[in-house]
Every structure is written in C-alpha cells, then in structure tokens.
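What follows is the residue order along each chain.
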Amino acid sequence: MTNSQWARLQPLLPQGIEPGRPQVWTRRQLVDGIRWRTRTGAPWRHVPERYGPWDRVYDLFRRRRRDGTWAQILTRLQAAPDASAERPSPNCGPWRTAQPPKKPRRCTSSLL
C-alpha cells in the first residue's frame, strides 16, 4: 500500500480505546496482511510473517468485519470521489483513444 493510500485509510480505521501493551506489529502491517490474503485468496495460515502473525491478522479482519468497519470504510471511500466537484471526462483515460482502432487491411496480392 502506498503512503498516500494509507493516509486516506488510516483516519477511517477505529482507534484503540484501551491502553495496554505497546503494539509489536503496526496497524499498517496488519492491514497489508489482510490485503495480501484477500488479493491472493491464500489460507490465513499462509500470510507472510512480515505482516505479523497470521492469527493476529485474521483476528483484526474478523473483528472489523463483525463491527461493520470494512463496510463503512468501503462506503466512505466510494462516496469520496462522488462528492468531489471535479469529475473526469468520460472521454479521457487509458481505456479511450483519440481515434478508433484501424481495421486490418486485407491482402490483395495476386500471389495468394
């Protein structure tokens, strides 16, 4: 996840309310582990250790799913571009080209 993506996501995540032991794994590492698992479809036990222990990654995912956090984040992120005044033109972007693609020419050689 890029720094700009994390900057948009971090304020949407709930803050911990109970003081306790200092975190060993950052919230960003755990969220990256959740993203890795959902992107690859691998079992939770196969989440790489660099994202934290698999059971901690799964626990965060499960708790946030149960309390509706993921649904709220999705709704907020989807609504953000709709609320902006600037909307991209439908004629711009990598899926549009200035000219339609050319049709292949038929071979008119008499040798064929």
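The structure reproduced in this document is the subject of the present report. (Residues numbered from 1 in each chain as written. Predicted model: local features only at pLDDT ≥ 70, side-chain atom pairs only at ≥ 80, totals over all residues. Heavy atoms only, no water.)

## A word on helix 3 (residues 54-66)
To be explicit about the condition: Only runs of H or I of at least four residues qualify as helices and only runs of E of at least two qualify as strands under DSSP, and these elements are numbered from the N terminus. Every helix has an expected span of 1.5 Å times one less than the residues it contains. Using a 1.4 Å probe on the protein chains alone, a residue whose accessible area is under 20% of its type maximum counts as buried, one over 50% counts as exposed, and one in between counts as partly exposed. The directions from the helix axis to the C-beta atoms are what the arc is built from.
The end-to-end C-alpha separation of helix 3 is 18 Å, in line with the 18 Å expected for 13 residues at 1.5 Å each. Of all the residues in helix 3, the buried ones are Val 57, Leu 60, Phe 61 and Arg 64. An end-on view of helix 3 places all buried positions within 95° of arc, on one side of the element. Count one or two residues on from helix 3 and you reach Gly 68, which has phi positive near 85°.

## Considering the side chain of Asp 32
Selection rule: Note on definitions: a residue-residue contact is assigned when non-hydrogen atoms from the two residues lie within 4.5 Å.
Tracing the backbone through its elements, the reader meets Asp 32 in helix 2 (residues 27-40). Taking relative accessible area as the criterion, Asp 32 reaches 15% and is therefore assigned buried. Not counting residues up to four positions away in its chain, the partners in contact with Asp 32 are Met 1 and Tyr 51.

## Observations concerning the nonpolar core
Note the cut-off: The criterion is simple. A nonpolar core is a set of buried Ala, Val, Leu, Ile, Met, Phe, Trp, Tyr and Cys residues joined through side-chain atoms within 4.5 Å.
Counting residues in each nonpolar core, the largest one holds 15 residues, and the members touching the most others are Leu 9, Leu 13, Val 31, Val 47 and Val 57. Those elements giving two or more residues to this core turn out to be helix 1 (3-9), helix 2 and helix 3. A total of 4 residues in this core trace back to one element, the largest contributor, which is helix 2. Beyond its immediate chain neighbours, meaning those up to four positions away, Val 57 contacts Leu 30, Gly 33, Ile 34, Trp 44, Val 47, Tyr 51 and Gly 52.

## Some points on the pattern of salt bridges
To be explicit about the condition: The salt bridge criterion pairs a side-chain nitrogen of Lys or Arg with a carboxyl oxygen of Asp or Glu, the two atoms within 4 Å.
The full count for this structure, using the stated rule, is 5 salt bridges. Note that Arg 56 is salt-bridged to Asp 59, the shortest N-O span being 3.5 Å. Of the two residues, Arg 56 and Asp 59 both sit in helix 3, 3 residues apart, roughly one turn of that helix. In the salt-bridge network here, residues are joined through shared partners; they are Arg 56, Asp 59, Arg 62 and Arg 63.

## As for the packing of helix 2 against helix 3
Here is the rule we go by: Interaxial angles span 0 to 180 degrees and are taken between N-to-C directions of axes, which are lines fitted to C-alpha atoms, for helices over the stretch in contact. Note on angle classes: values under 35 degrees are labelled roughly parallel, values over 145 roughly antiparallel, values of 65 to 115 roughly perpendicular, and the remainder oblique. Residues are grouped as follows: Ala, Val, Leu, Ile, Met, Phe, Trp, Tyr, Cys and Pro are nonpolar; Asp, Glu, Lys and Arg are charged; all remaining types, including Gly, are polar.
Between helix 2 and helix 3, the shortest axis-to-axis distance is 9 Å and the interhelical angle comes to 85°. For the element pair helix 2 / helix 3, the angle class is roughly perpendicular. Where helix 2 abuts helix 3, its residues Leu 30, Val 31, Gly 33 and Ile 34 lie against Arg 56, Val 57, Leu 60 and Phe 61. Across the contact of helix 2 with helix 3, the residue classes break down as 6 nonpolar, 1 polar and 1 charged.

## Remarks on the environment of Arg 50
Note the threshold: Whenever a nitrogen or oxygen atom comes within 3.5 Å of another N or O atom, the pair is scored as a polar contact, on the condition that within protein one atom can donate a hydrogen and the other can accept it, and that pairs from neighbouring residues in sequence are kept only if both atoms are in side chains.
On the secondary structure map, Arg 50 appears in the loop between helix 2 and helix 3. Remark: the alpha-carbon pair of Arg 50 and Gly 33, spanning 17 residues in sequence, is separated by 8.2 Å. With sequence-adjacent residues up to four places away left out, Arg 50 is seen in contact with Trp 25 and Gln 29. One polar contact links Arg 50 to Tyr 51, side chain to side chain, over a distance of 3.4 Å.

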